[in-house]
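One letter stands for each residue in the lines below.
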Amino acid sequence: MKSEIILNNVSLDFPIYDAKSLSIRNKVLDIGNTISNKSKTNISDSGTIIQALKDITLKFNHGDKVAIIGSNGSGKTTLLKLIAGIYHPTSGNANIKGELSCMLDIGFGFEQDATGYENIILSNITRGLKKDTIDKLLPEIAEFSGLGEFLNMPFRTYSSGMQARLAFASAIANTPGILLIDEFFSTGDIDFSIKSKKKVLEMMDNSSILVFASHDLTMLDKICNKAICMKNGEISFSGNTKDVITYYKNL
Amino acid sequence: MNFFINNIALKDLIYTIKNYYSWSYLSYFDLKLKYRRTFLGPWWVVLGIAISATAMCFLWSTIFNLYWKSYLTYLFSGFIIWMWISQLVIDAPEVFTASASKYIKAYPNPPIFYVFRKCFFSLLLFLHHIPLIIIVCLLVNHRINLSVLYSLPIGLLIIFINSILFSTNIGMISARYRDFDPLIKSLMPPMLLLSPVLWKPEMLGDFASLIYLNPFTYFIGIVRNDVIGLGFDLYIWIGAMLLTFFQLIVFLSLYSAKSKRIVFWV
């Protein structure tokens, strides 16, 4: 099956729930107010709403390596999570064909009391892999993580750098069709950071579609053949990587 | 017919059931982790129940003026089933907001996947308490109905299905409105006294039929009655079926309408 990502006029409203809107007391008060018609407060169901994505239309085909560029809070991660199917569009439609593998919040699925080895298994079981598939990949992942003997120790004893190594190493088991990556190279020491970059490059080569959000413009320029620039939840510019990077730098 | 074809709840349900391997493995592992670093492991819970139920048996059989042998099996079985069901109810409001929340925000498994993980874990926990009931029955030479061979699995399945539906429904409501969590937690202790766990329905005299107002009666009944040799009670089975059906309807409409919002609530 050919991979394809099509978004048509997709918008996403992101409700922010504060203590007020999560409590039922305000609901009841609200109903009371409506009945007695004393005040006409119009507290919406969802409290504050932030429009995280506005009217996004895009189409990626097999072979596209797409860079997503934009400042913090411009909607890069939200867009990736929408493509992944974690968020669903409020309006418009999203049509994603092909096997997905996400490296977004890679640190999920770890249990504090389980050992490194067990956590590799657990997080990949959550991703839908079978135990025997994981067993076959285990030596490679263990070797890649470089944690050696520590893999037999409980996760709670790991330092944050070691946790990041394990998180990254366990995420590489997926064989990618559509590969979604959010920037995460800031963790780990220099050695590991170089190693993980190399591994990701290899995975990117094998993927049919790559969508990659990052601030590392030189790296994006090297890898990607397409780019979009996000600003306030909208695509402000799209085209080939060089043009978009120039546009972004001049913002 | 359209209601069923494009129903998100059904789609997610079927997807999750097909992926039984993942959640059952995770539940099994949760169980393993629970007992890690303990010497007696799972036997701690069994021992704990045995201790408290035995103590309660002597206290309440004296208060109620009952022969302890016949009361022991009733109390043990009721108490063990109650522990399972009440824990499910207490955990239900947190099924999406607790540990599942970071999964829901990081990976596109359907939210109900984590409900299966939680409920199957509870079922596994209950399963290794069943021998305790049987041991107690044998100790006091109690008669066990042979029909238990088919009624027990059916009863467990009905409770498991209900736990999935209930946890999803309540989990969604209380993820959105956080008041439900403390509300439900404060309702459960009095529910123990209102359910036929410590006392027998016939002790209520003229009011015995009032027990049918309590939904817990049905779920305790379908598992307990055959195990401890009480007669077949058609009302209890019909009641359990009706409650399942009711929950299913709520689940199909609520989950279909709002499951995509869960990620914003947790």
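Located above this text is the structure these notes cover.
Residues numbered from 1 in each chain as written. Chains lettered and ligands numbered in written order. Predicted model: local features only at pLDDT ≥ 70, side-chain atom pairs only at ≥ 80, totals over all residues. Heavy atoms only, no water.

## What about the overall build of chain A?
Along the backbone of chain A there are 9 helices and 9 strands. The burial tally for chain A puts 47% of its 251 residues in the buried class. Within the structure as shown, chain A displays about 12,100 Å² of accessible surface, and the carbon and sulfur contribution to it stands at 51%. (Helix = DSSP H or I, 4+ residues; strand = E, 2+ residues; numbered from the N terminus. Buried < 20%, exposed > 50% of the residue type's maximum accessible area, 1.4 Å probe, protein only. Areas by Shrake-Rupley, 256 points an atom, 1.4 Å probe, with all protein chains shown as cover.)

## Considering the packing of helix H5 (residues 131-145) of chain A against helix H6 (residues 160-171) of chain A
Describing two packed helices takes the angle between their axes plus the distance from one axis to the other. All names here are of chain A. Viewed as axis vectors pointing N to C, H5 and H6 meet at an angle of 145 degrees, and their least axial separation amounts to 9 Å. When the axes of H5 and H6 are compared, the crossing they make is right-handed. Residues Ile 141, Phe 144 and Ser 145 of H5 form the contact with H6, whose own contacting residues are Arg 165, Phe 168, Ala 169 and Ser 170. Along the lines of polarity and charge, the residues of the contact of H5 with H6 split into 4 nonpolar, 2 polar and 1 charged. (Axes fitted to C-alpha atoms, helices over the stretch in contact; angles between N-to-C directions. Left-handed = near helix turned anticlockwise from the far one by under 90°. Contact = heavy atoms within 4.5 Å. Nonpolar A, V, L, I, M, F, W, Y, C, P; charged D, E, K, R; others polar.)

## A short note on the pairing of strand E7 (residues 209-213) of chain A
Most of E7 of chain A is tucked away: 5 of the 5 residues are buried. Both faces of E7 of chain A are covered, namely the face carrying Ile 209, Val 211 and Ala 213 of chain A and the face carrying Leu 210 and Phe 212 of chain A.

## Let's talk about the sheet that holds strand E8 (residues 226-231) of chain A
All names here are of chain A. Reading across from one edge, E5-E6-E7-E3-E8-E9 is the order of the 6 strands in this open sheet, with mixed pairing throughout. The open sheet is flanked by strand E5 (100-103) and strand E9 (234-239), the only strands paired with a single partner. The average undirected angle you get between the axes of adjacent strands in this sheet is 15 degrees. Note that E8 and E9 share 5 bridges and pair antiparallel. Counterpart to Cys 229 in the pairing with E9 is Phe 237. (Pairing = 2+ DSSP bridges.)

## Description of the pattern of salt bridges
Residues and elements named next belong to chain A. All told, the structure shown has 15 salt bridges over all chains when counted by the stated rule. Taking the shortest distance from any N to any O, the salt bridge between Asp 113 and Arg 156 comes out at 2.7 Å. With Asp 113 in the loop between E5 and helix H4 (116-126) and Arg 156 in the loop between H5 and H6, this residue pair connects regions lying 43 residues apart in the sequence. Glu 140 is the partner of Lys 199 in a salt bridge, and the nearest nitrogen-oxygen pair spans 3.3 Å. Remark: Glu 140 occurs in helix H5 and Lys 199 occurs in helix H7 (residues 190-206); sequence separation between them is 59 residues. On the accessibility criterion, Lys 199 (11% relative accessible area) is buried. (Salt bridge = Lys/Arg side-chain N within 4 Å of Asp/Glu carboxyl O.)

## Thoughts on the environment of Ala 50 of chain B
Residues and elements named next belong to chain B. Mapped onto the secondary structure, Ala 50 falls in helix H4 (residues 43-63). Residues Ala 50 and Phe 76 lie 26 residues apart in sequence; the distance between their C-alpha atoms is 8.0 Å. Leave out the neighbours within four places in its chain, and Ala 50 touches Phe 76 and Leu 132.

## Focus: the packing of helix H2 (residues 8-18) of chain B against helix H7 (residues 112-127) of chain B
Residue and element names in this part refer to chain B. Interaxial distance between H2 and H7 falls to 9 Å at its minimum, and their mutual angle equals 50 degrees. Overall, the two elements H2 and H7 adopt an arrangement that is oblique. In this structure, the crossing between H2 and H7 has a hand that is right-handed. Contact residues: Asp 12, Leu 13, Thr 16 and Ile 17 in H2; Ile 112, Phe 113 and Phe 116 in H7. Along the lines of polarity and charge, the residues of the contact of H2 with H7 split into 5 nonpolar, 1 polar and 1 charged. (Parallel < 35°, antiparallel > 145°, perpendicular 65-115°, else oblique.)

## Here we look at the interface of chain A and chain B
Contacts between the two partners involve 40 residues from chain A, matched on the other side by 31 residues from chain B. Between chain A and chain B, roughly 3,100 Å² of surface is buried when both sides are summed, and carbon and sulfur atoms account for 61% of that area. Seen at the junction of chain A and chain B, the total is 2 salt bridges. A salt bridge links Arg 36 of chain B to Glu 118 of chain A; its shortest N-O distance comes to 2.8 Å. In this assembly, chain A and chain B are joined by 8 residue pairs in polar contact (both at pLDDT 80 or more). Residue assignment for the side of chain A that touches chain B shows that the elements contributing at least two residues are strand E1 (4-16), helix H1 (19-22), helix H2 (24-36), helix H3 (76-84) and H4 of chain A. For the side of chain A that touches chain B, the element with the highest residue contribution is H4 of chain A, accounting for 5 residues. (Buried area = accessible area lost by both parts, 1.4 Å probe. Polar contact = N/O pair within 3.5 Å; in protein donor to acceptor, adjacent residues only side chain to side chain.)

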